[in-house]
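Structural characterization, general
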Amino acid sequence: MDKVQELILKKEMNINTNEELEKLNLIKKIIKNEGCFFDLDFETTIGILEFLGISENEMLNFYMKLTSAQEFEKRVSKERVFIDENIENLFNERHI
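Just so you know, these numbers come straight off a predicted model, no measurement behind them. (Residues numbered from 1 in each chain as written. Predicted model: local features only at pLDDT ≥ 70, side-chain atom pairs only at ≥ 80, totals over all residues. Heavy atoms only, no water.)

Re the pattern of salt bridges
According to the stated counting rule, one finds two salt bridges in the structure shown. Among the ionic pairs, E12 bridges to K28, the shortest N-O distance being 2.2 Å. Placement of E12 in helix α1 (residues 2–12) and of K28 in helix α2 (residues 18–30) is noted, with a sequence separation of 16 residues between them. Ionic pairing is found between K23 and E19, a salt bridge with its closest N-O pair at 3.7 Å. Taken together, the residues K23 and E19, both in helix α2 and four residues apart, mark about one turn of the helix. Overall, the relative accessible area of 41% leaves K23 in the partly exposed class. (Salt bridge = Lys/Arg side-chain N within 4 Å of Asp/Glu carboxyl O. Helix = DSSP H or I, 4+ residues; strand = E, 2+ residues; numbered from the N terminus. Buried < 20%, exposed > 50% of the residue type's maximum accessible area, 1.4 Å probe, protein only.)

Quick look at the packing of aromatic side chains
Tallied over the full model, the rule gives two aromatic pairs. Here F42 and Y63 contribute two aromatic rings whose centre-to-centre distance is 4.9 Å and whose plane-to-plane angle is 80 degrees, an arrangement assigned as edge-to-face. Taken as a pair, F42 in helix α3 (residues 42–51) and Y63 in helix α4 (residues 56–66) lie far apart in primary sequence, 21 residues in all. A relative accessible area of 39% places F42 in the partly exposed class. (Phe/Tyr/Trp six-rings, centres within 6.5 Å; stacked < 30°, edge-to-face > 60°.)

Focus: the side chain of E20
If you trace the backbone, E20 turns up in helix α2. For the buried residue E20, which engages in no salt bridge, the nearest side chain bearing the opposite charge is K11, 4.3 Å off. With residues up to four places along the chain from it excluded, the contact list for E20 reads K11, N14, I15 and F51. (Lys, Arg positive; Asp, Glu negative; His and termini not counted. Contact = heavy atoms within 4.5 Å.)

Observations concerning the nonpolar core
Grouped together as the largest cluster of nonpolar side chains are 18 residues, with contacts concentrated most on V4, I8, I27, I31, L49, L52 and F62. Of all the secondary structure elements, the ones that give two or more residues to this core are α1, α2, α3 and α4. In contact with L49, other than residues within four places in its own chain, are I54, M59, F62, Y63 and L66. (Core = buried A, V, L, I, M, F, W, Y, C linked by side-chain atoms within 4.5 Å.)

Observations regarding the confidence of the model for the protein chain
Per-residue confidence for the protein chain gives a mean pLDDT of 82, with 76% of residues at or over 70. At the level of individual helices and strands, the protein chain shows its lowest average pLDDT in helix α6 (residues 87–92), which scores 53, and its highest in α4, which scores 93. Counting contacts from residues 80–84, a segment whose pLDDT is below 50, to residues more than four positions away or on other chains yields one contact. (pLDDT = per-residue confidence, 0-100.)

Here's what the structure looks like:
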């Protein structure tokens, strides 16, 4: 995801139209969600990467990194921390 942030900063310096600015602002909003590329369909993700300047030769490799098992685990781990805060207490209480 750090590479995406770098690409966004680079793109910000080369904005030429209001449409490009609107797209960039939308991308910034989307990536606030850790693991957002798991929620987007393939075509949308490829469109974002293309807009950010990823070459056709790098596209599939870049996509695979964004949707790798390691990235998924990062997402699940963060969600797990939120979900599991009280789960031990809930299931360890004995109701006799």
